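# Structural characterization, general
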Amino acid sequence: MTQTHSAGTLQPAKRSHWNATDLGLIAVFAALVAASALVAAIPVGGLGVPITLQTLAVILTGLALGPGRAFAAVGLHTLLGLAGLPIFSGGRSGLGILAGPSAGYIIAFPLAAAAVGWLAAVVIRRTVRFRAVFLFAAAMVPSIVLIHGLGIAGMMVNAKLDFAKAFLADLPFYPGDIIKNVLAVAVAIALHKAFPDLLVRRVRKLPQQPATQQPATPEATTREATEPKATTQQ
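Owing to the predicted nature of the structure, the values given are computational and were not obtained by experimental measurement. (Residues numbered from 1 in each chain as written. Predicted model: local features only at pLDDT ≥ 70, side-chain atom pairs only at ≥ 80, totals over all residues. Heavy atoms only, no water.)

This part is about a nonpolar patch on the surface. On the surface, Met156, Val157, Phe163, Phe167, Leu168 and Leu171 cluster together to form a nonpolar patch covering roughly 550 Å² of accessible area. Elements with a minimum of two residues in the nonpolar patch: helix H5 (131-158) and helix H6 (163-170). Tallying contributions element by element places H6 first for the nonpolar patch, with three residues. Here Leu171 is to be found in the loop between H6 and helix H7 (173-194). (Patch = residues over 30% accessible without salt bridge, like charges linked within 9 Å, V, L, I, M, F, W, Y side chains within 5 Å. Areas by Shrake-Rupley, 256 points an atom, 1.4 Å probe, with all protein chains shown as cover. Salt bridge = Lys/Arg side-chain N within 4 Å of Asp/Glu carboxyl O. Helix = DSSP H or I, 4+ residues; strand = E, 2+ residues; numbered from the N terminus.)

Rendered as structure tokens:
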């Protein structure tokens, strides 16, 4: 006697490498981070470290792409800027940026994107209710620990400030970062709903939706769940 399961049985999708779509997303989000660094850069304090939309783009990249691709996208932006492209805030570029007061923030961005992506994957895998709240926490923790932490360290090293002065110089960035993280979470949730293959299906290990297959309706899903599996006997 043999048993044949219905053809509609879903098997977990397996990914061992990035495809062309992944590489395209990395390039697109790297360009987004670059564009955000050049928009409305407002210098703050005597050190001139600017407020930009860059942290919004970095956090959104992590929330949208997950750890690996987010690190690659923001890291690509960082490497291109250090190589000489004028894509840092204020149109700056080159290795000399690592000797300035903004060095800690620039170094932190790829690390923060990866950390946010990893935490976002955990949240998507384990939560349904209050997901926006948990995603906001996933954005805030790396922002505080990595971006602000390394930013303060960079000012202490390059600007020769003690911890108290560097901490005070960093404080003005907090209100804006909270607002930007809220916006990043809102955009990320919209992206997850509109394009589940972007991250949700990956972290839940669900199969990709074929381009020609229509999504199942709730009624069809319920009917498949309640009907017995088709079997043949020989």
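Counting residues in each nonpolar core, the largest one holds 34 residues, and the members touching the most others are Ile59, Leu63, Tyr105 and Ile147. Mapped onto this core, the elements with two or more residues apiece are helix H1 (20-38), helix H2 (54-65), helix H3 (67-83), helix H4 (103-126), H5 and H7. Contacts of Tyr105, omitting those with residues within four sequence positions, involve Val49, Ile147, Leu150, Gly151, Met155, Asp170 and Phe173. Listed in part, the five residues of the second largest apolar core include Ala121, Ile124, Leu199 and Val203. (Core = buried A, V, L, I, M, F, W, Y, C linked by side-chain atoms within 4.5 Å. Buried < 20%, exposed > 50% of the residue type's maximum accessible area, 1.4 Å probe, protein only. Contact = heavy atoms within 4.5 Å.)

Okay, the packing of aromatic side chains next. Tallied over the full model, the rule gives two aromatic pairs. Centre to centre, the rings of Tyr105 and Phe173 are 5.7 Å apart; their planes meet at 55°, and the pair counts as tilted. You can see Tyr105 sitting in helix H4 and its partner Phe173 sitting in helix H7, a full 68 residues away along the chain. Here Tyr105 and Phe173 have matching classes, each one buried. A centroid spacing of 6.0 Å and a plane angle of 25° characterise the contact between Phe163 and Phe167, whose relative ring orientation is stacked. A residue pair is termed a helical-turn pair when its members lie 3 or 4 positions apart in one helix, as Phe163 and Phe167 do in helix H6 at four residues. (Phe/Tyr/Trp six-rings, centres within 6.5 Å; stacked < 30°, edge-to-face > 60°.)

This part takes up empty space enclosed by the protein. What the rule picks out here adds up to two cavities of 30 Å³ or more. Together, 18 residues line the largest cavity, and Val49, Pro50, Thr52, Tyr105 and Phe109 are the ones closest to its centre. Elements with a contribution of two residues or more to the lining of the largest cavity: strand S2 (49-51), H2, H4, H5 and H7. Each residue belonging to the lining of the largest cavity can be placed in one class, and the counts come to nine nonpolar, six polar and three charged. (1 Å grid on protein atoms, 1.4 Å probe; cavity = no way out; pocket = protein on both sides within 12 Å on 5 of 7 lines; lining within 4 Å. Points joined across faces, edges and corners; volume = space filled by probe spheres on them. Nonpolar A, V, L, I, M, F, W, Y, C, P; charged D, E, K, R; others polar.)

The residue Phe130 is not glycine, and still its phi comes out positive at about 55°. Mapped onto the secondary structure, Phe130 falls in the loop between H4 and H5. Looking at Phe130, the relative accessible area reads 57%, which means it is exposed. Within the chain, Lys160 stands out as a residue other than glycine whose phi angle is a positive 55°. Of note, Lys160 is situated in the loop between H5 and H6.

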